[in-house]
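# Fold and contact review
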Amino acid sequence: MKKIRYGIIGFGNFAERAIAPAIWESPNSELVAIQKRSLGAATLKAAQYGIPHAFDSVEKLVAYADVDAVFIVSANSEHCRETVAAAKAGKHVLVEKPMAMNVRECEQMISVCEKACVRLMVGHMVRLSPVIARMKEIVRSGQIGTVSAIKTEFVYNARISQRSWVYDQKIAGGGPLFDIGVHCLDTIRFLLDDEVVSVKSYLEPPPTATRTESTVSVQLRFSRGTLATIFCSYAPPIRRSFIEVAGTEGVLSVINFTRSGVTIPLTILMKDTNEDGKQTVEEIVVPDLYVDEVTRFSDSILGNSNPAIPGREGLENQRVLDEALRQAAISTKP
């Protein structure tokens, strides 16, 4: 089988823990190069894992002829610049979420990749989960009636994060809203097959030019009338996610819907003769979603087809993120 040869841009802890193993496990992909800011550090990591090539700059990695595609795992502020560099060098791009710092950057990334005839995919791997696929199947079937509301939550303790820049507004672009709230947003959009028409956000503390928020509540209204909420925070001492889809005939809910490589219970609560409803639980096995996203992206390159999560999905998410931040800026003005 022909394999797509990847270079990882921004080979930090996350890339080492999740992305490199995903490429190794993917049947149609292989890891041939990594990039870190220090050549010495990159060389040591490459030697440790048997990766053929190490680079200290993005430009050197994307110029390497044996790289077909890059997986960008660097800080958010670098996503646009590195995508442009890769596309101009003829490399396909899989970029971590959030896609960029703002809508303008997203549009530039899409335009450059289209002109270079390379594929661009955004790493919203949660929408690839079999749990989310099953929820979407139920929603589409009409089993739970008309969806009136979706509630999501995603929290974790960022104080122990190894990414020292997560609170830096100039590097992260936003706090938990950009980091984890975007997973909630993308999942809601995917389940509804609908777009946001109204945004109301509350960010605490209000972000400044240098410091992100640490807790966010966002209220959304979709074009077909569904209301949705996103609560995300760096403050709690635990990691947890939750999604609930409320319809006129039933309610779907999943705890830890963002997790990968586990079995997750999907709770289905249907209308019954009593107001408590009738509950069933489906145990759904979720594979390593990072392996899935890499494999699907490689499939799109090999098959000359559209990627599973194209850049325009990231752009639509970014429109909502930008509006939420815009409202926070307005609210902090005297």
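Okay, so let's go over this structure. Please read all numbers here as calculations on a predicted model, not as lab measurements. (Residues numbered from 1 in each chain as written. Predicted model: local features only at pLDDT ≥ 70, side-chain atom pairs only at ≥ 80, totals over all residues. Heavy atoms only, no water.)

With respect to the element layout, Glu16 can be found in helix α1 (residues 13-25). Within polar-contact distance, the side chain of Glu16 engages the side chain of Tyr49 at 2.4 Å. The residues contacting Glu16, other than those within four sequence positions of it, are Phe11, Pro21, Lys45, Gln48 and Tyr49. (Helix = DSSP H or I, 4+ residues; strand = E, 2+ residues; numbered from the N terminus. Polar contact = N/O pair within 3.5 Å; in protein donor to acceptor, adjacent residues only side chain to side chain. Contact = heavy atoms within 4.5 Å.)

All right, on to the pattern of salt bridges then. This structure, assessed with the given rule, holds 26 salt bridges. Arg5 is the partner of Asp68 in a salt bridge, and the nearest nitrogen-oxygen pair spans 2.9 Å. With Asp68 in the loop between α3 (58-63) and β4 (69-72) and Arg5 in strand β1 (residues 4-9), this pair connects stretches of sequence that are 63 residues apart. Between Arg134 and Glu282 there is a salt bridge whose closest N-O contact spans 2.9 Å. Taken together, the positions of Arg134 in helix α6 (residues 130-141) and Glu282 in strand β14 (residues 278-286) put the pair 148 residues apart, joining distant regions of the chain. Taking relative accessible area as the criterion, Arg134 reaches 23% and is therefore assigned partly exposed. The network of salt bridges with common partners includes Arg127, Asp186, Arg189, Glu195 and Glu313. (Salt bridge = Lys/Arg side-chain N within 4 Å of Asp/Glu carboxyl O. Buried < 20%, exposed > 50% of the residue type's maximum accessible area, 1.4 Å probe, protein only.)

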